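# Structural description and commentary
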Amino acid sequence: MSASILDEIVASKRREVAAGRKRMPIEELEAQAAEAPPVRDFRAALDGRGAIQLIAEVKKASPSVKVIREDFEPVAIARAYQQHGAACISVLTDVPYFQGHLSYLARIRAAVVIPLLRKDFLIDEYQVVEARVAGADAILLIAEILDDATMARLLERARELGMAALVEFHDPANLPRVLAAGADLVGVNNRDLHSFTTDIDRTLRLRDQIPPEILLVSESGIHDRAQVERLEAAGVSAILVGESLLRKPDVGLAVERLLGLAPESR
Ligand SMILES: O=C(O)c1ccccc1NCC(=O)[C@H](O)[C@H](O)COP(=O)(O)O
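Predicted model, so just to flag it, every value in this text is computed and none were measured.

Cut-offs and rules
Residues numbered from 1 in each chain as written. Predicted model: local features only at pLDDT ≥ 70, side-chain atom pairs only at ≥ 80, totals over all residues. Helix = DSSP H or I, 4+ residues; strand = E, 2+ residues; numbered from the N terminus. Buried ≥ 20, exposed ≤ 12 C-beta atoms within 10 Å, placed from the backbone. Axes fitted to C-alpha atoms, helices over the stretch in contact; angles between N-to-C directions. Left-handed = near helix turned anticlockwise from the far one by under 90°. Contact = placed C-beta atoms within 7 Å. Nonpolar A, V, L, I, M, F, W, Y, C, P; charged D, E, K, R; others polar. UniProt positions renumbered as here; feature names shortened; annotations may be inferred. Near = placed C-beta within 6 Å. Pairing = 2+ DSSP bridges. Arc of directions from axis to C-beta. Right-handed = clockwise from strand over helix to strand, strands pointing away. Core = buried A, V, L, I, M, F, W, Y, C linked by C-beta atoms within 7 Å.

## Some thoughts on the environment of Ala-31
Its place among the elements puts Ala-31 in helix H2 (residues 26–35). Taking the number of C-beta atoms within 10 Å as the measure of exposure, Ala-31 has 12 and is therefore exposed. Residues Ala-31 and Phe-169, 138 residues apart in the sequence, show an inter-C-alpha distance of 32 Å.

So, in structure tokens, the structure goes:
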């Protein structure tokens, strides 16, 4: 992703937040959050004590490849993910760039019991409260688009609402910032922000710099069992996988192959 596309996405989020605040003041949203059903424990679901866990992603499109899957039925995909071994589900809620929707969270929540992550570009407290109301159990925070104070504030807000926060970074220079913010669930995004290329060695190189009490998630570009085995052997707690699952006609079988529950096809 070029820096300008990231800037573009963040600018679109600022407009969305402003429109949301006009439509429904945050006080009203907070009142709804107070009535929301209990959260499911996202972080605990990823603590496999040595066995790598899968966060399977519901994503129709992306800036890097445009439409990933034409016959996209978010609830059916989520059900298949759960049934075949995913520990958690990541739900893209961004509309313009990923063809996701906030309403997918509630629909998927009603159909599965495993915890859900709101996958979006969160820059404002409003979106965190909105995530809780929509049915998320966790939010994603991206170090590359947040200053220190905002990252710490959004993380704290998520916790106040009972949610977990997966705090991701790509540039190793941002790791100290993520740790200083108090993250206990950290993601390394293997996708290069400029070229869209992915490289899981980025996670492996950073492994030893992340304290053992922090759960580490490797994100993006994971498509075969050999990669998963390397990550597991390095002590990575979980993987976040979208495109390689969604490209397969049978997403359930794809989950099983990635987790080593079914043999890989030749
Ligand atoms: O997926 C993209 O192309 C993308 C482009 C720009 C910003 C973010 C992007 N993806 C967000 C993600 O972090 C991935 O959806 C997630 O890690 C899964 O990656 P993958 O398995 O490679 O679909």
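## Looking at the packing of H2 against helix H6 (residues 125–134)
Between H2 and H6, the shortest axis-to-axis distance is 9 Å and the interhelical angle comes to 35°. Note on packing geometry: the crossing formed by H2 with H6 is left-handed. Seen from H2, the contacting residues are Ile-26, Leu-29, Glu-30, Gln-32 and Ala-33; seen from H6, they are Tyr-126, Val-129, Glu-130, Arg-132 and Val-133. Broken down by class, the residue content of the contact of H2 with H6 amounts to six nonpolar, one polar and three charged.

## So, the UniProt feature "domain: Indole-3-glycerol phosphate synthase" (unreviewed entry) in the chain
Within this structure's numbering, the places UniProt gives as "domain: Indole-3-glycerol phosphate synthase" (unreviewed entry) are residues 6–258. What you have in residues 6–258 is 42% helix and 17% strand, and the ends, taken at the C-alpha atoms, are 30 Å apart.

## Some points on the site of the ligand
The full set close to the ligand counts 18 residues, and Ser-62, Ser-64, Glu-219, Gly-242 and Glu-243 are the nearest of them. Those elements that place two or more of their residues in the shell around the ligand are strand E10 (238–241) and helix H11 (243–246). Here the shell around the ligand is built from residues that sort into five nonpolar, eight polar and five charged.

## Quick look at the sheet that holds strand E7 (residues 164–169)
A barrel is described by the order of its strands in space; here eight strands give the closed sequence E1-E4-E5-E6-E7-E8-E9-E10, paired in parallel fashion. In this sheet, adjacent strand axes meet at a mean angle of 25° when their direction is disregarded. In this structure, strand E1 (residues 53–58) lies alongside strand E4 (residues 88–92), joined through four bridges in parallel fashion. Counterpart to Ile-55 in the pairing with E4 is Cys-88. Sheet contacts for helix H4 (residues 74–83): E1 and E4; angle to E1, the most-contacted strand, approximately 170°.

## Here we look at helix H10 (residues 225–233)
Because each turn of an α-helix spans 3.6 residues, side chains separated by three or four positions in sequence point in the same direction. Of all the residues in H10, the buried ones are Gln-227, Val-228 and Leu-231. The buried residues of H10 occupy an angular sector of 100° when projected down its axis, which confines them to one face. Of the exposed residues in H10, the ones pointing more than 90 degrees away from its buried face are Ala-226, Glu-229 and Ala-233. Where H10 is buried, its residues meet helix H9 (201–206), strand E9 (215–219), E10 and helix H12 (251–258). Just beyond H10, the residue with positive phi is Gly-235, at close to 90°.

## Quick look at the packing of H4 against H12
Where H4 contacts H12, the axes come no closer than 8 Å and their chain directions differ by 35°. Here H4 runs over H12; the crossing is right-handed. The segment H4 lies against H12, with Ile-77, Ala-80, Tyr-81 and Gln-83 engaging Val-251, Gly-252 and Val-255. Grouping the constituent residues of the contact of H4 with H12 by class yields five nonpolar, two polar and no charged.

## So, the pairing of E9
By the criterion of burial, E9 is predominantly enclosed, with five of the five residues buried. Across the two faces of E9 the burial is the same, with Leu-215, Val-217 and Glu-219 and Leu-216 and Ser-218 all buried. Across five bridges, the pairing between strand E8 (residues 185–189) and E9 is parallel. When the bridges of E9 are listed, Val-188 appears paired with Ser-218. Regarding topology, H9 serves as the crossover connection from E8 to the parallel E9, and that connection is right-handed. Of the strand pairs in this sheet, E9 and E10 are connected by three bridges, and their pairing is parallel.

## Remarks on the nonpolar core
Counting 79 residues, the largest nonpolar core has Ala-165 and Val-167 as its most contacted members. With six residues, the single largest contributor to this core is H6. With residues up to four places along the chain from it excluded, the contact list for Ala-165 reads Ala-138, Ile-139, Leu-141, Leu-155, Ala-158, Ala-183 and Leu-185.

## Some thoughts on H12
The buried count for H12 comes to six of eight residues, which makes it a mostly enclosed element. Taken together, the buried positions of H12 are occupied by Val-251, Gly-252, Ala-254, Val-255, Arg-257 and Leu-258. Contacts from the buried residues of H12 go to E1, H4, H10, E10 and H11. With its phi angle positive at about 75°, Gly-260 sits one or two positions after the end of H12.

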